[in-house]
Amino acid sequence: MSLKSFAAKIFAKTIRKKIDVWASNPLEAQQKIFDELISKAKNTNFGKDHKFDTIKTHADFVQNVPVRDYEALRNYVDKMVVGEEDILWPGKPLYYAKTSGTTSGAKYIPITKESMPTHIEAARNAILCYIAETGNAKFVDGKMIFLQGSPELTEKNGVKLGRLSGIVAHYVPGYLQKNRMPSWETNCIEDWETKVDAIVEETQDLNMTVISGIPSWVQMYFEKLQRKTGKKVGDIFTNFDLFIYGGVNYEPYRSKFENLIGRKVDSIELYPASEGFFAFQDSQKAKGMLLQLDSGIFYEFIKAESFFDEDPKRLTIAEVELGVNYVMIISTTAGLWAYNVGDTIQFTSLKPYRVMVSGRIKHYISAFGEHVIAKEVEEAMQVASEKTGARINEFTVAPQVNPSAEELPYHEWFIEFEKEPVDLSNFRNILDKSLQQQNSYYFDLIEGNILQPVKISKVPTNGFQAYMKSIGKLGGQNKLPRLSNDRKIAEVLEKIIKK
């Protein structure tokens, strides 16, 4: 055992004990965060507008501060972006994480000197919890790759601006810098395909032990490695034994990854976003990710089924239940207040509080009242793949409301197979039955002959990459929606299929 891996094990046990302290006292941890947030921001523009000096309880907060998304908070953000201070949080932000807005161009998410360390510590702690539990620390001696956006930053009125993953790249600890790949020059390449090609050239002969990134883009890296060398990834990198991912559910990709790698490897799931680092997988044995209750974020939860009601109830961590689909609302040391991130989550454990991402509040199918969410289609895909031996590169689902004459409406699954099932009809039936078993609304619509069972449209190899490229979102932190309530994505895919 190297000195470095020995030290990592000792450090991991120390950090695990600190995490266990607040994880064992979640209500106290959240109350402390709540009090500190209100106290520190009471003299900001937002704090004065919302009478923070009168807020003592969560009920006061609910009465004074409505739930907002980015657009509703934009008038405050715009003041910050032009250079004003003390708007949402004392002083100026350290950075703006620039993301793609869906309705009005770019979004500028503030990151402050108080919030920045929580992004770094959570990612570090995820790895340390893995070491503490498994005792495996030998990977710290090898090379680690992080597939991410360019670290090059611009500046806007005295505040640095860039992608979150690029900002985080500036905070890689010194003891990891020599192990970290790709090189700075390669990481700065903007064109994603060119960048991945360069990463393949840089890494194919190295001792890679940890690989991290969004699964769909890591898959591209693995495929290019395999084409370049003619070998399985696990044969190229014989000591590769840890995959770290976030952004999307790994399960639909798992069988494809294990085929590309040639064996199983351990994995750690992260839940980062520009707005905060919310959770990470702290155990290989437990389902879900540990919710970060001591990282400058106060959480509220609204049941997804009532989110669009006039006055839905906002719950604290003390009031949540297992298995319920919640919209997650956050207030943070970056100055986001009662902010709707847009994600839906479910609790998998209440002691400690662990969550799984179930989808997006805007990404669902309910064209017929079925309320199908991402978690359900991903689980159906996993079941069908396991039972038929199919392997999936990518997929998305859309409703077909206006089918041909005398045909019932249906859900259309656009699937890019890496390995097709022998019997596509059987695969389709398993998909549909699994969805019916998970979602009673969908079951009733099938039983009542309102909908017909799902249909499958096969997308050609690299078809989804072509789609993402066509909308300018190939690579980086960009993710394909699993579900749409309209045909916008489907219409583009139909054109790709017909080519």
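Look above for the structure.
A.B. asks: I keep staring at the pattern of salt bridges and nothing clicks. Help me out?
C.D. replies: Pairing between side chains of opposite charge can happen when their charged atoms approach one another. For the structure on display, the rule yields 22 salt bridges. Between Arg74 and Asp78 there is a salt bridge, with its nearest N and O atoms 3.5 Å apart. Of this pair, Arg74 and Asp78 both sit in helix α5 (residues 70-81), separated by four residues, roughly a single helical turn. Of the charged contacts, one joins Lys375 and Glu379 as a salt bridge, the two residues approaching to 3.8 Å between their closest N and O atoms. With a gap of four residues between them, Lys375 and Glu379 both fall in helix α14 (residues 374-388), about one helical turn apart. It is possible to trace a salt-bridge network through shared partners that takes in Arg16, Asp20, Asp282 and Arg354.

A.B. asks: How should the packing of helix α11 (residues 215-229) against helix α13 (residues 251-261) be read in this particular structure?
C.D. replies: Packed helices, taken two at a time, are described by the angle their axes make and the gap between the axes. Direction vectors running N to C along α11 and α13 enclose 25 degrees, while the axes themselves pass 10 Å from each other. With respect to their mutual orientation, α11 and α13 come out roughly parallel. The hand of the α11/α13 crossing is left-handed. On α13, the residues that touch Pro215, Ser216, Val218, Gln219, Phe222, Glu223 and Gln226 of α11 are Tyr253, Lys256, Phe257, Leu260 and Ile261. Residues belonging to the contact of α11 with α13 are distributed by class as follows: seven nonpolar, three polar and two charged.

A.B. asks: Help me understand the nonpolar core, please; the structure alone is not making it clear to me.
C.D. replies: The nonpolar side chains of a soluble globular protein tend to be buried with one another. The biggest cluster of nonpolar side chains holds 90 residues, and the ones touching the most others in it are Ile131, Phe301, Trp337 and Phe347. For this core, the element with the most residues is helix α6 (residues 116-134), which contributes nine residues. Apart from residues no more than four positions distant in its own chain, Phe301 is found in contact with Leu291, Lys313, Arg314, Leu315, Thr316, Ile317, Val320, Tyr326, Val327, Met328, Ile345 and Phe347. Within the second largest apolar cluster, 41 residues are counted, among which are Tyr221, Leu225, Phe237 and Ala398.

A.B. asks: Explain the environment of Lys17 to me, please; I cannot follow it from the model alone.
C.D. replies: Within the fold, Lys17 resides in helix α1 (residues 3-23). We classify Lys17 as exposed; its relative accessible area is 62%. Considered as a pair, Lys17 and Ala132 are 115 residues apart in the sequence and their alpha carbons are 9.8 Å apart.

A.B. asks: Honestly, the sheet that holds strand β9 (residues 266-273) in this entry has me stumped. Any pointers?
C.D. replies: Paired through backbone hydrogen bonds, the strands of a sheet run either parallel or antiparallel to each other. Within the open sheet, the 11 strands sit side by side as β6-β3-β7-β8-β9-β10-β11-β15-β14-β13-β12. Their pairing is mixed. Where the open sheet ends on each side, the last strands, each with one partner, are β6 (180-181) and β12 (297-303). Sheet analysis places strand β3 (residues 143-146) next to β6, joined by two bridges and oriented parallel. Bridge pairing links Met144 to Arg180 in β6.

A.B. asks: Is there a simple way to think about the sheet that holds strand β18 (residues 455-458) in this case?
C.D. replies: Reading across from one edge, β16-β17-β18 is the order of the three strands in this open sheet, with mixed pairing throughout. Whereas interior strands pair on both sides, the edge strands pair on one side only; in this sheet they are β16 (391-400) and β18. Across the sheet, the mean angle separating the axes of adjacent strands is 25 degrees when strand polarity is ignored. The sheet contact formed by strand β17 (residues 410-419) and β18 spans four bridges and is parallel. Pairing of Trp413 across the sheet is with Ile456, part of β18. Packing of α13 onto the sheet brings it into contact with β16 and β17, and relative to β16 it is tilted by some 155 degrees. Running over the sheet, helix α18 (residues 488-498) touches β16, β17 and β18 and is turned about 45 degrees from β17.

A.B. asks: Whenever I open this one, the side chain of Ser358 confuses me. Can you help?
C.D. replies: Structurally, the position occupied by Ser358 is in strand β15 (residues 353-360). Judged by relative accessible area, Ser358 falls into the buried class, the value being 1%. A polar contact of 2.4 Å, which involves the side chain of Ser358, links it to the side chain of Asn325. If sequence neighbours within four positions are ignored, Ser358 has contacts with Asn325, Thr344, Ile345, Gln346, Ile373, Ala374 and Lys375.

A.B. asks: Help me understand the pairing of strand β8 (residues 242-246), please; the structure alone is not making it clear to me.
C.D. replies: Walk down a regular strand and you will see the side chains alternate between the two sheet faces. The element β8 is largely enclosed, with a buried count of five among its five residues. Here strand β7 (residues 208-212) pairs with β8 via three bridges, running parallel. Bridge assignment links Ser212 to a residue of β8, and that residue is Ile244. The pairing of β8 with β9 spans five bridges and is classified as parallel. If you follow Ile244 over to β9, its bridge partner there is Ile268.

A.B. asks: How should a nonpolar patch on the surface be read in this particular structure?
C.D. replies: The grouping of Met1, Leu3, Phe6 and Ile10 at the surface amounts to a nonpolar patch, some 500 Å² of accessible area in total. The residue Leu3 is located in helix α1 in this model.

A.B. asks: In this structure, what is going on with the packing of aromatic side chains? I would like to understand it.
C.D. replies: Under the definition given, this model contains 29 aromatic pairs. With 6.0 Å between their ring centres and 10 degrees between their planes, Phe46 and Trp337 make a pair best called stacked. Of this pair, Phe46 sits in helix α3 (residues 45-49) while Trp337 sits in the loop between β13 (326-332) and β14 (339-350), placing them 291 residues apart in sequence. Taking the relative accessible area as the measure of exposure, Trp337 reaches 1% and is therefore buried. With a centroid separation of 5.7 Å and an interplanar angle of 10 degrees, the aromatic rings of Phe395 and Trp413 are classed as stacked. Remark: Trp413 occurs in strand β17 and Phe395 occurs in strand β16; sequence separation between them is 18 residues. We classify Trp413 as buried; its relative accessible area is 0%. Each member of the aromatic cluster is reached from another via a ring pair, and the members are Tyr221, Phe222, Phe240, Phe243, Tyr245, Tyr250, Tyr253 and Phe257. Here Lys455 stacks its cationic end above the ring of Tyr410, 4.7 Å away from the centre of that ring. In this arrangement the basic side chain of Arg482 is found over the ring face of Phe395, its NZ or CZ atom lying 4.3 Å from the centre.

The rules behind each value
Residues numbered from 1 in each chain as written. Predicted model: local features only at pLDDT ≥ 70, side-chain atom pairs only at ≥ 80, totals over all residues. Heavy atoms only, no water. Salt bridge = Lys/Arg side-chain N within 4 Å of Asp/Glu carboxyl O. Helix = DSSP H or I, 4+ residues; strand = E, 2+ residues; numbered from the N terminus. Axes fitted to C-alpha atoms, helices over the stretch in contact; angles between N-to-C directions. Parallel < 35°, antiparallel > 145°, perpendicular 65-115°, else oblique. Left-handed = near helix turned anticlockwise from the far one by under 90°. Contact = heavy atoms within 4.5 Å. Nonpolar A, V, L, I, M, F, W, Y, C, P; charged D, E, K, R; others polar. Core = buried A, V, L, I, M, F, W, Y, C linked by side-chain atoms within 4.5 Å. Buried < 20%, exposed > 50% of the residue type's maximum accessible area, 1.4 Å probe, protein only. Pairing = 2+ DSSP bridges. Polar contact = N/O pair within 3.5 Å; in protein donor to acceptor, adjacent residues only side chain to side chain. Patch = residues over 30% accessible without salt bridge, like charges linked within 9 Å, V, L, I, M, F, W, Y side chains within 5 Å. Areas by Shrake-Rupley, 256 points an atom, 1.4 Å probe, with all protein chains shown as cover. Phe/Tyr/Trp six-rings, centres within 6.5 Å; stacked < 30°, edge-to-face > 60°. Lys NZ or Arg CZ within 6 Å of the ring centre and 35° of its normal.

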